[in-house]
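Spelled out from the first residue to the last, the chains are:
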Amino acid sequence: AFAAQLDPTLEELGDIKTAVSEAVTNAIVHAYPDTLGRIVVKAKILEGNVLEISVRDWGRGIPDVEQAMQEGFSTAGQTARELGFGAGMGLPNMKKYSDEMSIDSVVGEGTTVYMTVFPGRKEEGR
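Residues numbered from 1 in each chain as written. Predicted model: local features only at pLDDT ≥ 70, side-chain atom pairs only at ≥ 80, totals over all residues. Heavy atoms only, no water.

## What about the overall build of the protein?
How we decide: Numbering of helices and strands runs from the N terminus, with a helix taken as a DSSP run of H or I at least four residues long and a strand as a DSSP run of E at least two residues long. Between buried and exposed lies partly exposed: a residue is buried under 20% and exposed over 50% of the maximum accessible area for its type, with that area taken using a 1.4 Å probe on protein chains only. Should any heavy atoms of two residues lie within 4.5 Å, those residues are counted as being in contact.
Counting its regular elements, the protein contains four helices and four strands. Mapped from its N terminus to its C terminus, the protein presents α and β elements in the order α-β-β-α-α-α-β-β. Going through the 126 residues of the protein one by one, you find that 37% of them count as buried. Across the protein, every contact between residues at least 6 apart in sequence was considered, and the portion connecting residues at least 24 apart equals 58%.

## Things to note about the nonpolar core
How we decide: We call a set of buried residues a nonpolar core when its members are Ala, Val, Leu, Ile, Met, Phe, Trp, Tyr or Cys and they connect through side-chain atoms within 4.5 Å of each other.
If you look at the biggest cluster of nonpolar residues, it comprises 18 residues, and the most contacted ones within it are Ile16, Leu51, Ile53, Leu91, Met94, Ile103 and Met115. The element contributing the most residues to this core is helix α1 (residues 10-31), with four residues. In this view, Ile53 contacts Ile16, Val20, Val41, Lys42, Ala43, Val113, Tyr114 and Met115; residues no more than four positions away in its chain are not counted.

## Points about the environment of Ala23
Here Ala23 lies in helix α1. Apart from the residues lying within four places of it in its own chain, the contact partners of Ala23 are Val55, Met94 and Met115.

## Here we look at the side chain of Thr116
On the secondary structure map, Thr116 appears in strand β4 (residues 110-117). Contact partners of Thr116, with chain neighbours within four places excluded, come to Val50, Leu51, Glu52, Ser98, Asp99 and Glu100.

## Overview of the pairing of strand β2 (residues 50-57)
The condition that has to hold: At least two bridges found by DSSP between two strands is the condition for calling them paired.
Of all eight residues in β2, six are buried, a share of seventy percent or more. Bridge count for strand β1 (residues 39-46) against β2 is eight bridges, and the pairing is antiparallel. Note that in β2 the partner of Val40 across the bridge is Arg56. A loop of three residues connects β1 with β2, the two strands running antiparallel in sequence, and Gly48 in this loop sits at a positive phi of about 85 degrees. Taken together, the seven bridges between β2 and β4 define a ladder with antiparallel strand orientation. Residue pairing in the sheet places Glu52 in a bridge with Thr116 of β4.

## A closer look at the pattern of salt bridges
Put simply, the rule is: Here, a salt bridge means any Lys or Arg side-chain nitrogen found within 4 Å of an Asp or Glu carboxyl oxygen.
With the rule as written, the count across this model stands at one salt bridge. Residue Glu52 pairs with Lys44 through a salt bridge whose shortest N-O separation is 3.5 Å. The class of Lys44 is partly exposed, set by a relative accessible area of 44%.

## What to know about the pairing of strand β3 (residues 100-106)
Of the strand pairs in this sheet, β3 and β4 are connected by seven bridges, and their pairing is antiparallel. For Ser105, the partnering residue across the bridge sits in β4 and is Thr111. Joining the antiparallel neighbours β3 and β4 is a turn of three residues, in which Gly108 adopts a positive phi near 85 degrees.

What follows is the structure, given as structure tokens:
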């Protein structure tokens, strides 16, 4: 709903929802595999109709972000896989559905995923 004020297309809105959903699910499954934990989602609109979203956890962190970005790589446990999570597409999908994405992660301290979206620029041939 927050992003809707930028007047994105339905496709763009769907992409934003998917990217945020992937980020939150990833934090639940990977950051806190055996416990409950805190996840904070922040969104802000910057000058020029730019949407910036961050999803932060204080979980176990990602030892090798580059490896984690590879399709099919997952640290999800057996239970998560049995429930249909942990297919190794979370981070690649976040990247696919946002215009820019970066990750800050420290093992034992947590992870923050930053996603930037430029609604309306697909039509402009970005």
